[in-house]
Amino acid sequence: MKVVVIGAGIMGNGIAQVSAMAGHDVVMSDVSPEALERALGTINTSLGRLVKAEKLTQDEADAVPGRINTGTDLAALCTDADVVIEAVTEVAEVKHEVIGTAVANAPSTALFGTNTSQISITSIGATIGDAADRLVGMHFFNPPVMMRLVELIRGLRTSDETLERAKEFALGLGKEVVVCQKDSPGFLTSRIAAILRLEALRMYEEGLGSAEDIDKAIRLAFNHPMGPLELGDFNGYDTYLHAVTALEKAHGERFRPTVTLKNMVAAGRLGRKTGVGFYRYDENGKKIGPA
Ligand code: NAD
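Since the structure is predicted, the reported quantities are computational estimates derived from the model, not experimental observations.

### Comments concerning the site of the ligand
In the vicinity of the ligand there are 25 residues, among which M11, D30, E90, K95 and S117 approach most closely. A distance of 2.9 Å separates an oxygen atom of the ligand from a polar atom in the side chain of N115. Within the side chain of N142, a nitrogen or oxygen atom sits 3.4 Å from an oxygen atom of the ligand. Protein burial of the ligand: of its 830 Å² of free accessible surface, 87% is covered by the chains.

Encoded structure:
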């Protein structure tokens, strides 16, 4: 099966890697050649870690890069795609543009998945005519290589067959699936994640505790593997600000972004991907201390 992944950032490179690990031929497409270069480096590092952790044999790992091609000409890359998954910036217009190009150039049987965290699948579908029945939300989690869940979201026009194909594809990657039956912004997962982190940001602004203590409290009290602020560093605060801004429009005041969040994004303190968020990171993305 040929899988085209659009966007080679935090999520795109992971989705490309799991697809290639499952034996698919993968093409990663991005507007930025540097992002594609970085993505290939990230995949190689990840494969090395999986071998070290004995989750993959060296032979299995060696076969993966050969299944991943890259390019910037999305239209040309889609012509023989079976599955197209977009993981571009969380901005509706950008999603519309790339899905539109993919639909115009891919075979009429291709399946289209969007990895949006909260944008309406139905609204993206409304820009692609009859192909809307082949569009489904395919929400992977960060990092896609480690996280077991793929949340599938049914848009108003998503067909049963499309949902089934998406399920089969995700199960074939070794993932578990849940289905959000109604296309409501934030789906089953992002609403909860957004509200937990917003409350942590508000507590931080009120001076109730340090970022480290808020994270530690949530980790140890509720058995979360990461606290909400460190997880925000991991996921990228620019993406989170896009998400909560849209969730506020959809669900109201309780998703209003905080001042600290806006300031961090304005200052480029996006988290791990820029080396600093609530914590600092070295060039390999390893946490080295508080910001
Ligand atoms: P990111 O900023 O790391 O990567 C986005 C990539 O899209 C960049 O490489 C950028 O160059 C590329 N891009 C932008 N415009 C493009 C275009 N027109 N054509 C091709 N490529 C383009 O973002 P991310 O964190 O990987 O998020 C991607 C998507 O996944 C978003 O919809 C986000 O909401 C969703 N998501 C993110 C996370 C997370 O933890 N970061 C988790 C689940 C879902």
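### A look at the environment of G186
Within the secondary structure, G186 is located in the loop between β8 (176–180) and α8 (190–205). The contacts of G186, once residues within four sequence positions are left out, are S117, Q118, R191 and L247.

### Quick look at the nonpolar core
Residues M28, M138 and F140 are the most contacted members of the largest nonpolar core, which totals 35 residues. Examining the composition of this core, we find that six residues originate from one element, helix α2 (residues 33–52), more than from any other. Every residue in contact with M138, bar those within four places of it in the chain, is listed here: I85, G113, T114, N115, V150, E151, L152, A166 and F169. In terms of nonpolar packing, the next biggest core, distinct from the first, is built from 25 residues, V88, V98, I99 and I128 among them.

### Topic: the sheet that holds strand β5 (residues 111–114)
Spatial strand order, β3-β2-β1-β4-β5-β6-β7-β8: eight strands in an open sheet with mixed pairing. The sheet terminates laterally at β3 (68–71) and β8, the two strands that pair on one side only. Adjacent strand axes in the sheet meet at a mean angle of 25° when their direction is disregarded. With four bridges joining them, strand β2 (residues 25–29) and β3 adopt parallel strand pairing. Bridging across to β3, V26 finds its partner in I68. Taken strand by strand, helix α1 (residues 10–21) contacts β1 (2–6), β2, β3, β4 (83–86) and β6 (135–140), and its axis lies near 170° from that of β2.

### Focus on the packing of aromatic side chains
Overall, the coordinates contain three aromatic pairs when judged by the stated rule. On the numbers, 5.1 Å between centres and 85° between planes, the contact of Y204 with F278 is edge-to-face. Taken together, the residues span a long stretch of sequence, with Y204 in helix α8 and F278 in the loop between α12 (259–266) and β9 (279–281) at a distance of 74 residues. Assessed through its relative accessible area of 33%, Y204 is described here as partly exposed. Arranged with centres 6.1 Å apart and planes meeting at 85°, the rings of Y237 and Y240 form a pair that is edge-to-face. Residue Y237 and its partner Y240 are both found in helix α11 (residues 237–251); the two are separated by three residues, about one turn of the helix. For Y237, a relative accessible area of 0% corresponds to the buried category.

Rules used in this analysis
- Residues numbered from 1 in each chain as written.
- Predicted model: local features only at pLDDT ≥ 70, side-chain atom pairs only at ≥ 80, totals over all residues.
- Heavy atoms only, no water.
- Near = heavy atom within 4 Å.
- Polar contact = N/O pair within 3.5 Å; in protein donor to acceptor, adjacent residues only side chain to side chain.
- Areas by Shrake-Rupley, 256 points an atom, 1.4 Å probe, with all protein chains shown as cover.
- Helix = DSSP H or I, 4+ residues; strand = E, 2+ residues; numbered from the N terminus.
- Contact = heavy atoms within 4.5 Å.
- Core = buried A, V, L, I, M, F, W, Y, C linked by side-chain atoms within 4.5 Å.
- Buried < 20%, exposed > 50% of the residue type's maximum accessible area, 1.4 Å probe, protein only.
- Pairing = 2+ DSSP bridges.
- Axes fitted to C-alpha atoms, helices over the stretch in contact; angles between N-to-C directions.
- Phe/Tyr/Trp six-rings, centres within 6.5 Å; stacked < 30°, edge-to-face > 60°.

Take it as geometry only, folks, not as evidence of what the structure does.
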